[in-house]
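Topology and contacts: notes
The lines below spell out each chain.
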Amino acid sequence: MTAFLKLLFRNRLAAMGAVVLGIILLLALLTPVLPLKDPNITNTGDRFARPFTEGYLLGADHLGRDQLSRLLYGTRTSLAVGAVAAFLAAFFGSAIGIIAGYFGKRTDNILMRLIDMLMAFPYILLALAIVAALGTGLINALIAVAAVNIPFFARNIRGITVVLAHREFVDAARLAGKGHIRIILTEVLPNVLPVIVIAMSTTVGWMILETAGLSFLGLGSQPPDSDLGSMLGQAKNHFTTHPHTSIIPGVMIFLIVMSVNLLGDGVRDALDPRLRSGALSRPLPVTNVAKNRTLPAANPEAPLLDIQELETQFHVGDRVYEAVGKVSLSVKPGECLGIIGESGSGKSVTALSVTGLVASPPGVITGGAVRLEGKDLLSANYETLRRTRGNRIAYIFQDPLSTLHPLYTVGDQLAEAIRVHDSRVSKSAARARALELMKQVRIPNPESRLGNYPHEMSGGMRQRVGIAMSLANEPDIIIADEPTTALDVTVQAQILSLLNDLRRERGLAIIFITHDFGVVAQLCDRVAVMYAGRIVEEGPTQSVLDAPAHPYTKRLIACVPELGGGRRELAAIPGLPPVVNDLPPGCHFAARCDKCQPECKVGYIPLEGGDKRTVRCIHPEEVLA
Ligand code: ADP
Ligand code: MG
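Computed from a predicted structure; not experimentally measured.

Among the 7 residues of strand β11 (residues 534–540), 6 are classified as buried, and the element is accordingly described as predominantly covered. Hairpin remark: strand β10 (residues 526–531) followed by β11, antiparallel, with 2 residues in the connecting loop; positive phi at A532, about 50°. In terms of strand pairing, β11 meets strand β13 (residues 614–615) through 2 bridges, oriented antiparallel. Bridge assignment links E538 to a residue of β13, and that residue is T614.

And the structure:
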C-alpha cells in the first residue's frame, strides 16, 4: 500500500489531482457543519449580488440565494451522484462481463447482444430516453447515467475474463471440485478487480459530467434542490449580464473533473505491475551502463569473446540487487563453455548483459567490460550493438513458444531474421536460406514445415527452429540459455548433438547455460560454476567432474543421478541461495556448507588457482596446483 502511494505521488499531476480533489471532498463533507446560509432562502432584494460584497462571499443568484452555500451543497450532490453512478455501472457492468466471459457460449452471446443493443444508441440520447421513461429527478438521472455506462464495463471485463477462464489455475480450481460461484469469487474476481478499480477511477469524472449535463437540461435535480449542473442551467440566461452566476459552478465542475481524471490516470499507472518495478518509465533499448564503471585493461591474447569482471545490478527503489558480481569468462572459436548454477544464480543476467539486453530500468551494468575481438561492447553505441545482436552473437532461449511470434509461420520468421541484418537479401533468397537452415537443424520435411505456425510444432521442433534462427546470420558466438530445460531427455540429446556438430563444422563458440551437470558433461569443454552472482569454480569439464574443488560443485554433481550406477543416495543441497540484495560477507555458500569454518564468514574470498582451474574457497575439497 505504501509502495502504491509512493508511486502515485511520484507522478506530479496525479499528486496535484489528489490534493485538489482532497480539498473539494473535505469541503463537501464539512458543508453541513460550516457556518453557511441556508442555500434555499431567497432574498430578492440582493439579486445578483456581486462576489465579495457584504454577506455574500461568492455573490448571490437570480433569486438572491447565497452562491457559496449553493455551490457547496451542489458539489456534495454532484459528487455523491457521480460516485454512486460509477459504482452501480461498475457493479452491474462487471457482473455481466464476468458471467458472459466465464460461461461463454450461449450465455455470452445473449448478454453481449443485449449490451450491443445498448451501445447502438448514441449515449446522451439513451440517457435522455431513460429519464423520459422514468420521469425527471436526480435519482432517475443517476440511474440513466449508470445504465449508459454499463456496456463499457461489461465489454472490458468480459474480454479479460475470457482469457482468465481458460488459464490453468482456473482449470486447477475446477479439478479441485470448486463450484462455479466459488471459482468466480476466488479465482476470477481477484484478477479482474484491479481492472475494475482502474476503469472506475478513469470514468467517475465523466459520469459526474454526464449527470451535470442532465441536470443542466432540467432533467436531473429539481428546484429548490440543485447540483452543479442545475446551477449552471438556471444561470445560463443571465450569463451576459451576471457572468459570476455561471462561472462559479462552471469552475467547480472543471476542478472536480480535472482532478478526478488526473488522479485516475495516476492510479492506473501505479497499479500496473509492469510499470511498478520499472519506476514508471519505458525500458531502454540498451542496458544502462554506469558512467563511472571500472574498466579493466584489455587482455593481450584477446579471445573471441572476453567478459571481464562484469558487474550487473538491479536498482529497485532504494534496494540494490547484485545479480552479477565481477564475473570473468572467455571463449575461443569452436569452444563450448558451460555456465552452471541453481536457478537465480545470475546465469541469464550474465548472458543478457553481453549485448545489453538486461531490462533497464531496473538493470544497470556497474562495472567490467565485454570485449568481442578486443572491442568493448559495453561502451559501443546502440547501432553497433544492434548489428552485433543476432548477427555476430546469437541467443537461444529456454522456451521457444514464447520467443516465436504466434501469428507468423516459422518460414516467415526465419526469413525476417535474415533480412533484419541484410536488407539486400531478396525475399525468395531469404526463403531459400530459411529452408537450408531448417535442413541444417535436421527438421524432417523442411519444405512443408516452413509454412507451419509455432503452435503446430512440438517442443523439440520449435527449439530447432529457435536454433535455426540463431544460426540465420552465421554468428560467431551462440549463447544458449537453458535451451533444453523444457524438453524431454531424448529430444534434449538430439539438440545437444546438433549443437555439438555445428560447433565442430563451423567453429562456433558456444556459451551453454544450464543447471544440469549431465548436459555439461556431454557438450562443454570448460565449465564455470556460478553461485549468488559469482563464479565459484572454473576449469576443464572433465577435471572439474573428476575432482570438484568447491564444496558447492561437489554437492551439485552429487545431485545428478547415474544410470546403472547402483543405488547411490541422491543428495539434495539443503537451504536456499542467499538473496542478492543483502549478501553476507565471506563465502556466500557458507550457510549451506558442511565444511564451513568461522573464517569462511569474514572478508572477501578471491578466485584462486592455476591458469587452468580456479576456485573461490579457503577450504577446498581438492588442492589445486
Ligand atoms: P538464473 O541463474 O536462474 O538465470 P537470473 O540471471 O535470471 O538467474 O537472475 C539472477 C538474479 O537477478 C536473481 O536473484 C533475480 O532475482 C535477479 N533479477 C533478475 N531480473 C530481475 C529484475 N528485473 N529485477 C530485479 N531482480 C532481478
Ligand atoms: Mg535463467
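In the neighbourhood of ligand 1, the contacting residues comprise F314, A323, E342, S343, G344, S345, G346, K347, S348, V349, P362 and V580. Taking S345, its main chain carries an N or O atom lying 3.1 Å from an oxygen atom of ligand 1. Between an oxygen atom of ligand 1 and a main-chain N or O atom of V349, the distance comes to 2.9 Å. Taking 560 Å² as the accessible area of ligand 1 by itself, protein coverage stands at 67%. It is helix α12 (residues 347–353) that provides the largest number of residues to the shell around ligand 1, a total of 3 residues. Grouping the amino acids of the shell around ligand 1 by side-chain chemistry returns 5 nonpolar, 5 polar and 2 charged.

Here the focus is the packing of aromatic side chains. One pass over the full model with this rule turns up 9 aromatic pairs. Ring centres of Y102 and F103 lie 4.9 Å apart, and the angle between their planes is 90°; on these two criteria the pair is classed as edge-to-face. Its end group placed over the ring of F216, K236 keeps NZ or CZ at 5.6 Å from the ring centre.

A few words now on the pattern of salt bridges. Summed over all chains, the structure comprises 24 salt bridges. Between D171 and R174 there is a salt bridge; the shortest N-O distance is 3.3 Å. Separated by 3 residues within a single helix, D171 and R174 lie in helix α7 (residues 168–175), roughly one turn from each other. Residue D171 is classed as partly exposed on the basis of its relative accessible area of 35%. The network of salt bridges with shared partners includes R113, D116 and R155.

Turning our attention to empty space enclosed by the protein. Counted under the stated rule, the structure contains 3 cavities of 30 Å³ or more. Taken as a whole, the largest cavity encloses approximately 90 Å³ of empty space. In terms of residue class, the lining of the largest cavity is built from 10 nonpolar, 2 polar and 2 charged.

As a measure of interface size, the accessible area lost when the parts come together is often cited. According to the domain assignment, the protein chain contains domain 1 (2–37 + 56–271) and domain 2 (305–392 + 475–615). Once you take the C-alpha centre of each, domain 1 and domain 2 turn out to be 54 Å apart.

A word on the nonpolar core. It is characteristic of soluble globular proteins that their nonpolar side chains tend to be buried jointly. Formed by 61 residues in total, the largest nonpolar core has its most connected members in L214 and I256. If you tally residues by element for this core, the top one is helix α6 (residues 138–165), at 12 residues. In contact with I256, other than residues within four places in its own chain, are I24, T75, L79, I208 and L228. The next biggest cluster of nonpolar side chains, apart from the first, holds 58 residues, and it includes I396, L414, L450 and A590.

You will see that N445, though not glycine, has its phi angle at about 50°, which is positive. Since its relative accessible area comes to 54%, N445 is described here as exposed. In this structure, A532 takes a positive phi of about 50° despite not being glycine. Looking at the secondary structure, you find A532 in the loop between β10 and β11.

Under the counting rule described, the total for this entry stands at 0 disulfides. For C336, which is in no disulfide, the shortest distance to another cysteine sulfur is to C524 and amounts to 3.7 Å.

So, on to the layout of surface pockets. A volume near 730 Å³ is recorded for the largest pocket. The wall of the largest pocket is formed by 26 residues, among which N299, S330, R526, E538 and D611 lie closest to the centre. Of all elements in the fold, only β2 (305–316), β3 (319–331) and β11 reach the threshold of two or more residues within the lining of the largest pocket. Element by element, the count of residues in the lining of the largest pocket is highest for β3, at 5 residues.

Calculation rules
Residues numbered from 1 in each chain as written. Chains lettered and ligands numbered in written order. Predicted model: local features only at pLDDT ≥ 70, side-chain atom pairs only at ≥ 80, totals over all residues. Heavy atoms only, no water. Buried < 20%, exposed > 50% of the residue type's maximum accessible area, 1.4 Å probe, protein only. Helix = DSSP H or I, 4+ residues; strand = E, 2+ residues; numbered from the N terminus. Pairing = 2+ DSSP bridges. Near = heavy atom within 4 Å. Polar contact = N/O pair within 3.5 Å; in protein donor to acceptor, adjacent residues only side chain to side chain. Areas by Shrake-Rupley, 256 points an atom, 1.4 Å probe, with all protein chains shown as cover. Nonpolar A, V, L, I, M, F, W, Y, C, P; charged D, E, K, R; others polar. Phe/Tyr/Trp six-rings, centres within 6.5 Å; stacked < 30°, edge-to-face > 60°. Lys NZ or Arg CZ within 6 Å of the ring centre and 35° of its normal. Salt bridge = Lys/Arg side-chain N within 4 Å of Asp/Glu carboxyl O. 1 Å grid on protein atoms, 1.4 Å probe; cavity = no way out; pocket = protein on both sides within 12 Å on 5 of 7 lines; lining within 4 Å. Points joined across faces, edges and corners; volume = space filled by probe spheres on them. Domains from an automatic or database assignment. Core = buried A, V, L, I, M, F, W, Y, C linked by side-chain atoms within 4.5 Å. Contact = heavy atoms within 4.5 Å. Disulfide = S-S within 2.5 Å.

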